[in-house]
Structures are given as C-alpha cells and as structure tokens.
Amino acid sequence: SIQIARLARNLYFLEDRGGFYEQMDLELTKANRLTPEDKLTGIRLNTMTDLAHYHFLARYTGKTPADYPRLSFYDYTKHSAYFKYAEQYDNVHFTFSWSGNNKGECQEMLKRGHNVAVPFSPYLPPRFLGREVINGDASDYRPMDPTPVIVGLLEKGKNGTVSDFIVRLDSSIERHLPADVWGLG
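Along each chain, the written sequence defines residue order, and numbers are assigned to residues from 1. Thresholds applied to this predicted model are a pLDDT of at least 70 for local features of residues and 80 or more for the giving and counting of side-chain atom pairs; totals over whole chains, interfaces and linings are not thresholded and use all residues. Heavy atoms from the whole structure form the basis of all side-chain values; hydrogens and water molecules are not counted.

(A) Seen up close, the layout of surface pockets. The rule is simple: put a 1 Å grid over the protein atoms alone, call a set of points where a 1.4 Å probe fits but cannot get out a cavity, call an open set with protein on both sides within 12 Å along at least five of seven lines a pocket, and count a residue as lining if it has an atom within 4 Å of a point. Grid points are joined across faces, edges and corners, and a volume is the space filled by probe spheres set on the points. Here the largest pocket defines a volume of roughly 780 Å³. Lining of the largest pocket is provided by 26 residues; of these, R44, T47, Y76, L153 and F165 occupy positions nearest its centre. If you list the elements that add at least two residues to the lining of the largest pocket, you get strand 2 (71–77), strand 4 (116–121) and strand 7 (150–154). Just so you know the grouping, Ala, Val, Leu, Ile, Met, Phe, Trp, Tyr, Cys and Pro go in nonpolar, Asp, Glu, Lys and Arg go in charged, and all remaining residues, Gly too, go in polar. Its residues placed into classes, the lining of the largest pocket shows nine nonpolar, nine polar and eight charged. Contributing to the lining of the second largest pocket are 20 residues, with R9, F20, M24, L45 and H53 lying nearest its centre. Elements with a contribution of two residues or more to the lining of the second largest pocket: helix 1 (2–15) and helix 2 (17–34). For the lining of the second largest pocket, a count of residues per class yields eleven nonpolar, five polar and four charged. In DSSP terms, a helix is any run of H or I states spanning at least four residues, a strand is any run of E spanning at least two, and both are numbered starting from the N terminus.

In structure tokens form, the structure reads like this:
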C-alpha cells in the first residue's frame, strides 16, 4: 500500500541517509536520461516533508540540480532560505507556503517576486495580500505560474477538522478583515 511504501522510504532515509541519496541520484539520473531533449520532467522531492534535499544530495553524492538539466524541480516550502537553490539553479522553483502566522514573510516573498500558496475555504477570493489569486488546484506544476501571485488552494481533508493556517472565507470574516489583506484598500 501507499502508507507502507512511505514508511519504508522514511525508514530508509533515517537508517541509511547516504544510501537514500545515492538511490535518489540513480532515479533522477534515469529520469533525466529518459526525458526527451526538448522536454522537461517535473519532479517534486518534498510531497510530505520540507527537507533540504538539494543540500543532502550534494553532500552525499556531489550532485546538484544542474546535473539533471532535463528535470524541473519544484516544491512548496515554509523556509525562505531554500530559495537560494532557485536563485542558483535555473531548473529549481519554489512556492512559499502560508502558515497562518507568517504574513510578514509572505509579503516579503511576494516583494521579492516569488509566489505564495494559501489554502482557502470554501472558495478562492479574487485577491489576497494585495495580489491576484490564481487557482492552484488546476495544476500541481508551479514553475509555469505567473509571478508574483497568490496560489490559491481549496481546503482538502476530512470535514470538520480545524486548521489554523486555512483562510476561512465567510461573510463574518470578510467584514472583519482589513482592506489591505484583500488588496482592495
């Protein structure tokens, strides 16, 4: 099952980090080789984590994203320091993540020309933090998005769960949010 595969991968990472990154290099090298010269293959290394995989890959294998020119690496992160990889390598793209308590960092990332992903419920507003909101659920591939924008994502998960980082939109909240949050003021 998927859960067993995730657990096995996590154990591999914890028990043999060097072997984990050597295996990652083999798989990335194969994907790079199989990608046609005039195409790019999108790769998300962090789907369940927010690890510095580029740092560890270089540490354990000596490889960088530049060693895989036909791969387009992209991810979401709450760590602004990771954007140095996007600035250093043409084939790396990050979208900054809203946490519910990092509004200042999100505004700074937007000023620097980066996109910010924000989960909303029950709908996507037209603007947030003074920027256009695009539908991030239409595609998972973020490198093609215009910049700088808010990548709006609709809440996913079990009904009835409460998450502090989801921007809940209803008439009572909208009336009390300052106009600058919506970008209308």
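Having seen the model, we can carry on.
(B) Fine view of the pairing of strand 3 (residues 92–97). Burial of strand 3 is extensive: six of the six residues sit out of reach of the surface. Side-chain alternation along strand 3 places V92, F94 and F96 on one buried face and H93, T95 and S97 on a second face that is also buried. By definition, two strands form a pair when at least two bridges between them are found by DSSP. Where strand 2 lies against strand 3, five bridges are found, and the strand directions are parallel. Paired with T77 across the two strands is F96, which belongs to strand 3. Look down the strands so they point away from you; if the path from the first strand over the helix to the second goes clockwise, the crossover is right-handed. On the question of chirality, the crossover connecting strand 2 to the parallel strand 3 by way of helix 4 (residues 83–88) is right-handed. Judged from the two bridges that link them, strand 3 and strand 4 form a sheet pairing that is parallel. In the strand pairing of strand 4, F96 is matched with V116. Burial classes: relative accessible area under 20% of the type maximum marks a residue as buried, over 50% as exposed, and values in between as partly exposed (1.4 Å probe, protein chains only).

(C) Main features of the packing of helix 2 against helix 3 (residues 53–61). Contact geometry for helix 2 and helix 3: axes closest at 9 Å, N-to-C directions at 100 degrees. Taken as axis vectors, helix 2 and helix 3 run roughly perpendicular relative to one another. Every residue of helix 3 that contacts helix 2 at R17, G18, F20, Y21, E22, M24, D25 and L28 is listed here: H53, F56, L57, Y60 and T61. For the contact of helix 2 with helix 3, a count of residues per class yields seven nonpolar, three polar and three charged. The angle between two axes is taken between their N-to-C directions and runs from 0 to 180 degrees, where each axis is a line fitted to C-alpha atoms and a helix contributes only its stretch in contact. The scheme is simple: roughly parallel for angles under 35 degrees, roughly antiparallel for over 145, roughly perpendicular for 65 to 115, oblique for anything else. Contacts between residues were defined by any pair of non-hydrogen atoms, one from each residue, lying within 4.5 Å.

(D) Region of interest: a nonpolar patch on the surface. Residues enter a patch when their relative accessible area is above 30% and they make no salt bridge; the linking distance is 9 Å between like charges and 5 Å between nonpolar side chains (Val, Leu, Ile, Met, Phe, Trp, Tyr). The protein chains shown are the only cover counted for residues, whose accessible areas, like all others here, come from Shrake-Rupley with a 1.4 Å probe. For this analysis, a salt bridge means a side-chain nitrogen from Lys or Arg found within 4 Å of a carboxyl oxygen belonging to Asp or Glu. A contiguous nonpolar surface patch, about 300 Å² in accessible area, is contributed by L7, L11 and L14. You can see L7 is positioned in helix 1.

(E) Seen up close, empty space enclosed by the protein. Under the criterion given, the structure shown has one cavity of 30 Å³ or more. Lining the largest cavity we find N46, L51, A52, H53, Y54, D75, Y82, Y85 and F94. Residues that form the lining of the largest cavity fall into these classes: six nonpolar, two polar and one charged.

(F) Structural view of the nonpolar core. Take the buried residues of types Ala, Val, Leu, Ile, Met, Phe, Trp, Tyr and Cys, join any two whose side-chain atoms come within 4.5 Å, and each joined set is a nonpolar core. In this structure, L28, F73, V116, F128 and I150 are the most contacted members of the largest nonpolar core, which totals 34 residues. Those elements that provide at least two residues to this core are helix 2, helix 3, strand 2, helix 4, strand 3, helix 5 (103–111) and strand 4. I150 has contacts with L110, V116, V118, F120, F128, L129, R131, E132, V133 and I134, leaving out every residue within four places of it along the chain. Grouped together as the second largest cluster of nonpolar side chains are six residues, Y76, A117, I134 and V151 included.

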